[in-house]
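# Structural overview
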Amino acid sequence: MKFQCTFCDKSSKSEYDPKFTDCYAKKHQIVRMLEQKEIRDATKDAEKARAKVSRSKVKGHIGDLYVESILIESKPYFLCVAKENNTLSTMASIETEDTIYKPLSAEQCGYFPYTFASSELVHLNDSISKAEILDDIKNVIDRYVSARDLDKHLIQGDILLTYCQEWISTVHYPYFVGETESGKSTVLHLAKWLCYRCHYGEDIPTADIYNFLGTDEEGTGTIGEDEAQEIWRNKDKIRMYKNSYAKGSMKARIIGVDSLGKHQVYYRTFCPKWFAGERVPYDKGFVERIAIIPMTEGQPVSNIKRVSKDEGEQLNQIRNRLLVWKLQNISKGLTTTDSGLKQRDKELWSDFVASAVGTKYHEKFLNVANYYLEQRHAVIRGSLEARLMKLLLDKLDPNLELKFEEYWNYLTQDNPEFPGKLDTRSEKSFYSDDYPETITYHLLSKILSEKFQAVRREAVVRDDAGAKHKITSYVFKKEVLEKLIPKYGIELPIGSPLHVGQLGVHGGQEDDKATQVDQVNQVKGDGAS
């Protein structure tokens, strides 16, 4: 290290060297001069900094920090919490050995960004309890939503769950249904204000959903889709919604081609999703994952679509408190409890119930879960599969075998339990009065094989005139039927062969590989689709 007088050209290894006394008296400028080694090291450091990748990050872990992108006086910052002391702080950017992480700017947010005033920062480490947060949410719901108290508690818990995505594994989807002006869209506008990073829209393109959720970390936001009654027609979207209720859900996509070839990325699609529509979509798997909340016109205290300046500031403060509460508890998570639920019921509602443990709302959340679980089971009991299962039990022989053509005729020829109209030209299409699907040979065969796990068999027989005929039948396994029957809420007929304490000729044997046509997967069990 060397210091030099810019006027006298004197130099020394210390800026306090007596040779500079006259220079200081004459107010000459003493500056630090870099040695050759320091110049080389500084050059290397600059080159290394230039080589670092700059990357925007919505939220998640960076080293020992957990961060969330926010705005402070309209400027992007990270709100950070350190693992070792659970203290909240803010940072404009974070550098690691090879990456510079930057928070999202307002233009990068597809939702209302978390906007803090400087005056709010002094209270970042003031403790916020879950009970306080739930009270805040409930007060807002009472102000802006006209609904049954039961449904208000569902909305309350589901808002809180959007801030618990690091701690939960599966979610149900709330679906608000009603006519125009019934208040269904009001709830989604409330979600836009209070849910974690809620991307709200009508008929949101699937590609936009993928890009919003991204490839970095799971649970980077909430989807709020209005006018959702026709989403069942978009097969890619409905499949994504059905699969992404559970953590670990990913969609692989090719994003482009250059000199290096194709690039495949994996979008992380798990997150809470809220819906509203005039009708419930025609998709059994989707319907089994939703809570259907009927909405009717009411007179809330205030209009969430036309908030005043004071109301907007209050909503923003509550949203900020929810985010701070999340960071204050990021290392703690939810208190686990045994809900007593099983399989898919547990997947959809156990975390909802757990979110209120230790508060006055716990019993109310239990009531909500029980109510909508019964609704879910009623949907399953009323499904096409349940109706077909109930009717085939009447046609099973003692070997648990079902003749396909005999069963088809039983279904489609003036059966009062399966009303509809048979296409008289082909006699292989049936238009049910109760279900939107056209029942065809192909659809019925798929349900028997894939849903009911039956093994297809074909045999050739001769009639009295010696002509050959192909007979198709399906053989069922007793253990599979015994799982499906309670799932569909079916009461066995008194004379059912399932009452017999044996499996039947085929049910107790290995499948005959020579005559087996379709191979199917093992049933998942009660509550699975």
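Before going into details, it helps to say that this report is about the structure given with it.

About the criteria used
Residues numbered from 1 in each chain as written. Predicted model: local features only at pLDDT ≥ 70, side-chain atom pairs only at ≥ 80, totals over all residues. Heavy atoms only, no water. Salt bridge = Lys/Arg side-chain N within 4 Å of Asp/Glu carboxyl O. Helix = DSSP H or I, 4+ residues; strand = E, 2+ residues; numbered from the N terminus. Buried < 20%, exposed > 50% of the residue type's maximum accessible area, 1.4 Å probe, protein only. Pairing = 2+ DSSP bridges. Axes fitted to C-alpha atoms, helices over the stretch in contact; angles between N-to-C directions. Contact = heavy atoms within 4.5 Å. Phe/Tyr/Trp six-rings, centres within 6.5 Å; stacked < 30°, edge-to-face > 60°. 1 Å grid on protein atoms, 1.4 Å probe; cavity = no way out; pocket = protein on both sides within 12 Å on 5 of 7 lines; lining within 4 Å. Points joined across faces, edges and corners; volume = space filled by probe spheres on them. Nonpolar A, V, L, I, M, F, W, Y, C, P; charged D, E, K, R; others polar. Parallel < 35°, antiparallel > 145°, perpendicular 65-115°, else oblique. Lys, Arg positive; Asp, Glu negative; His and termini not counted. Expected span 1.5 Å × (residues − 1). Core = buried A, V, L, I, M, F, W, Y, C linked by side-chain atoms within 4.5 Å. Polar contact = N/O pair within 3.5 Å; in protein donor to acceptor, adjacent residues only side chain to side chain. Left-handed = near helix turned anticlockwise from the far one by under 90°.

In this section: the pattern of salt bridges. Scanning all chains against the criterion turns up 34 salt bridges. The salt bridge involving D216 is made with R55; its shortest N-O contact spans 3.0 Å. Pair noted here: D216 is in the loop between α6 (206-213) and β14 (222-226) and R55 is in strand β4 (residues 53-56), with a separation of 161 residues, a long-range link. In this structure D216 comes out as partly exposed when scored by relative accessible area, which is 29%.

Once that is clear, we can look at the sheet that holds strand β20 (residues 420-422). Taking strand neighbours across the sheet as the criterion, the three strands line up as β20-β21-β22 in an open arrangement whose pairing is antiparallel. Both outer strands of the open sheet, β20 and β22 (438-440), are each paired with one neighbouring strand and no more. Here the strands of the sheet are splayed against their neighbours by 25 degrees on average, with no regard to which way each runs. As paired strands, β20 and strand β21 (residues 429-432) are joined by three bridges and run antiparallel to one another. Residue pairing in the sheet places G420 in a bridge with S432 of β21. Strand contacts of helix α13 (residues 404-412): β20, β21 and β22, with the helix running at about 35 degrees to β21, the strand carrying the most contacts.

So, on to the packing of aromatic side chains. Under the criterion given, the structure shown has 24 aromatic pairs. Pairing F176 with W274 gives two aromatic rings, centres 6.0 Å apart and planes at 35 degrees, and the pair type is tilted. Of the two residues, F176 sits in strand β12 (residues 173-177) while W274 sits in strand β17 (residues 273-277), which places them 98 residues apart along the sequence. Take F176 and W274: they sit in the same class, and that class is buried. Both rings, one in F275 and one in F286, keep their centres 5.2 Å apart while their planes meet at 85 degrees; by these two values the pair is edge-to-face.

Take unusual backbone geometry next. Notably, E181 is not glycine yet its phi reads approximately 65 degrees, a positive angle. Since its relative accessible area comes to 64%, E181 is described here as exposed. Phi is positive for Q453, which is not a glycine, with a value near 60 degrees. By the secondary structure assignment, Q453 is in the loop between α14 (441-451) and β23 (455-462). With a relative accessible area of 8%, Q453 lands in the buried category.

Another aspect to go through is the layout of surface pockets. There is about 980 Å³ of room inside the largest pocket. Lining the largest pocket are 30 residues; nearest its centre among them are D283, K284, G285, E385 and E437. Those elements giving two or more residues to the lining of the largest pocket turn out to be α7 (235-243), α8 (284-287), α12 (384-392) and α14. Here the residues of the lining of the largest pocket are counted per class, giving 13 nonpolar, five polar and twelve charged.

Here α12 crosses α14 at 85 degrees, and the two axes come no closer than 11 Å. Overall, the two elements α12 and α14 adopt an arrangement that is roughly perpendicular. For the pair α12 and α14, the contacting residues are L384, E385, L388 and L392 in the first and L444, I447, L448 and K451 in the second. Taken together, the residues of the contact of α12 with α14 break down into six nonpolar, no polar and two charged.

With that settled, the discussion passes to the environment of V461. Locating V461 in the fold gives a position in strand β23. Judged by relative accessible area, which is 38%, V461 ranks as partly exposed. Here the alpha-carbon distance between V461 and I471, two residues ten residues apart in the chain, equals 7.3 Å. Non-local contacts of V461, meaning those with residues more than four positions away in its chain, are made with A467, K468, H469 and I471.

Position of K130 among the secondary structure elements: in helix α3 (residues 130-144). Buried K130, no salt bridge; nearest opposite-charge side chain is D351, N-O distance 11 Å. Those residues in contact with K130 that sit more than four places away from it in its chain are L160, W325, A354, S355, A356, V357 and T359.

With that settled, the discussion passes to helix α4 (residues 149-161). End to end, α4 covers 18 Å across 13 residues, agreeing with the expected 18 Å (1.5 Å per residue, within 8%). Counting buried positions along α4 gives eleven out of 13 residues, so the element sits mostly inside the fold. Buried within α4 we find D151, K152, H153, L154, I155, Q156, G157, D158, I159, L160 and L161.

Among the nonpolar cores identified, the biggest contains 92 residues, and I159 and W349 are the most heavily contacted of them. Top element by residues in this core is helix α9 (residues 309-328). It accounts for seven residues. With residues up to four places along the chain from it excluded, the contact list for I159 reads I137, I141, L190, L194, C195, W274 and L322. Grouped together as the second largest cluster of nonpolar side chains are 34 residues, L388, L400, Y407 and Y474 included.

This part is about the side chain of S473. Along the chain, S473 turns up in strand β24 (residues 468-475). Here E401 takes part through its side chain, which lies 2.6 Å from a polar atom of the side chain of S473. Those residues in contact with S473 that lie beyond four places of it in its chain are E401, L402, K403, F404, V455, R456 and R457.

In this section: the sheet that holds β24. The strands that make up a sheet are held in pairs by hydrogen bonds between backbone atoms, and each pair lies either parallel or antiparallel. Reading across the sheet, the three strands line up as β19-β24-β23 and stay open at both edges, with antiparallel pairing between neighbours. Here the strands that pair on one side only, and so sit at the sheet edges, are β19 (401-403) and β23. For this sheet the average axis-to-axis angle between neighbouring strands, irrespective of direction, equals 35 degrees. Here eight bridges tie β23 to β24, and the two strands are oriented antiparallel to one another. Residue pairing across strands places V460 opposite K470, the latter belonging to β24.

Here we take up the packing of α13 against α14. For the pair α13 and α14, the least separation of the axes is 12 Å and the interaxial angle reads 115 degrees. If you check the angle between α13 and α14, you find them roughly perpendicular. The two elements α13 and α14 cross, and the hand of that crossing is right-handed. Counting all contacts with α13, which are made through F404, E405, Y407, W408 and L411, the residues of α14 involved are Y441, L444, S445 and L448. Of the residues that constitute the contact of α13 with α14, the class distribution is seven nonpolar, one polar and one charged.

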